[in-house]
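Examining the three-dimensional arrangement
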Amino acid sequence: MANPPTLPISEHPGGSQSQQTVVTSPFRTFLSRLSASIRQSLSQRRPWLELVDRSAISRPDSLSDAYSRIRRNIPYFKVNYVTIVSLVLALSLLSHPLSLLVLLCLFGAWIFLYLFRPSDQPLVILGRTFSDRETLGVLVILTIVVVFLTSVGSLLTSGLMIGFGIVCLHGAFRVPEDLFLDDQEPANSGLLSFLSGAATSAAVAAASAPVSARV
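Reading the values: the criteria
- Residues numbered from 1 in each chain as written.
- Predicted model: local features only at pLDDT ≥ 70, side-chain atom pairs only at ≥ 80, totals over all residues.
- Heavy atoms only, no water.
- UniProt positions renumbered as here; feature names shortened; annotations may be inferred.
- Axes fitted to C-alpha atoms, helices over the stretch in contact; angles between N-to-C directions.
- Helix = DSSP H or I, 4+ residues; strand = E, 2+ residues; numbered from the N terminus.
- Parallel < 35°, antiparallel > 145°, perpendicular 65-115°, else oblique.
- Contact = heavy atoms within 4.5 Å.
- Nonpolar A, V, L, I, M, F, W, Y, C, P; charged D, E, K, R; others polar.
- Salt bridge = Lys/Arg side-chain N within 4 Å of Asp/Glu carboxyl O.
- Left-handed = near helix turned anticlockwise from the far one by under 90°.

As recorded in an unreviewed UniProt entry, the protein goes by the name PRA1 family protein, listed as coming from Cardamine amara subsp. amara. A UniProt comment under Sequence similarities (unreviewed entry) is attached to the protein, and it reads "Belongs to the PRA1 family." UniProt annotates the protein under Function (unreviewed entry) with the comment "May be involved in both secretory and endocytic intracellular trafficking in the endosomal/prevacuolar compartments."

Okay, structure coming up:
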């Protein structure tokens, strides 16, 4: 009696591909959400010619007048001001490539080793398994060392101080008489609002990733 033919069995790489998709899905969701929010915020910026209108520049009469101008100009030009501070920080980091590289490595460590690492995959380095609490502790200590014990912290501080100085100087000398906010504009619109939305979306995607992998 002839033996029945043996069916060939092949291993499909679908499991590893789906696992890789689950790993990268939260990060891609975060990037797409962040990019969309930035584009939406930049579309709400005021015209740059209005920002540098020389006819609206005058010396404040007193410190209280300067403070009042700054309080009125910041909500109106908030996207422009955030852009200016970001450009000052970018120029400061680009002028020190080593500090920029260290900061990028630290940011990458937070992204790939903790924030978007699946909870069902422990971190293994040199044969040692690190728990989430140990990984968080190491990253916090590493961040403190990089920010406070290297030139990165002083570089970021100086860049922020220069950027905020430019913003306060412009806000104090820009006469806000012709400025008004649109009534339809949400109070939380702008570059500061995308962080919460993007972070919330990323957290939800990261939490649902292990469930999708088990299903």
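Anyway, onward from the coordinates.
Some thoughts on the packing of helix α3 (residues 63-76) against helix α7 (residues 151-173)
As a packed pair, α3 and α7 sit with axes 7 Å apart at the nearest point and diverge in direction by 105°. Compared by their axis directions, α3 and α7 come out roughly perpendicular. Across from A66, R69, I70 and N73 in α3, the residues of α7 making contact are C168, H170, G171, A172 and F173. Of the residues assigned to the contact of α3 with α7, the class counts are 5 nonpolar, 3 polar and 1 charged.

A short note on the pattern of salt bridges
Across all of its chains, the model carries 1 salt bridge by this definition. Residues D65 and R69 are paired through a salt bridge, measuring 3.6 Å at the closest nitrogen-oxygen approach. Here D65 and its partner R69 are both found in helix α3, 4 residues apart, which amounts to about one turn of the helix.

Here's the deal with the side chain of H170
With respect to the helices and strands, H170 occurs in helix α7. Not counting the four nearest positions on each side in its chain, H170 is found in contact with L51, N73, F77 and Y81.

Here we look at the packing of helix α4 (residues 78-94) against α7
The geometry of α4 relative to α7 is characterised by a closest axis approach of 9 Å and an angle of 145° between their N-to-C directions. Judged by the twist between their axes, the crossing of α4 over α7 is right-handed. Across the interface between the two elements, Y81, I84, V85, V88, L89, S92 and L93 from α4 touch L155, L156, G159, L160, I162, G163, F164, I166, V167, H170 and G171 from α7. For the contact of α4 with α7, the class distribution of residues is 13 nonpolar, 5 polar and no charged.

A few points about the UniProt feature "transmembrane region" (unreviewed entry) in the protein
The UniProt feature table records "transmembrane region" (unreviewed entry) at residues 76-94, 100-116, 136-167 and 187-209. Secondary structure across residues 76-94 divides into 95% helix and 0% strand, with the first and last C-alpha atoms of the span separated by 29 Å. Between the end C-alpha atoms of residues 100-116 there is a gap of 22 Å, over a span that is 94% helix and 0% strand.

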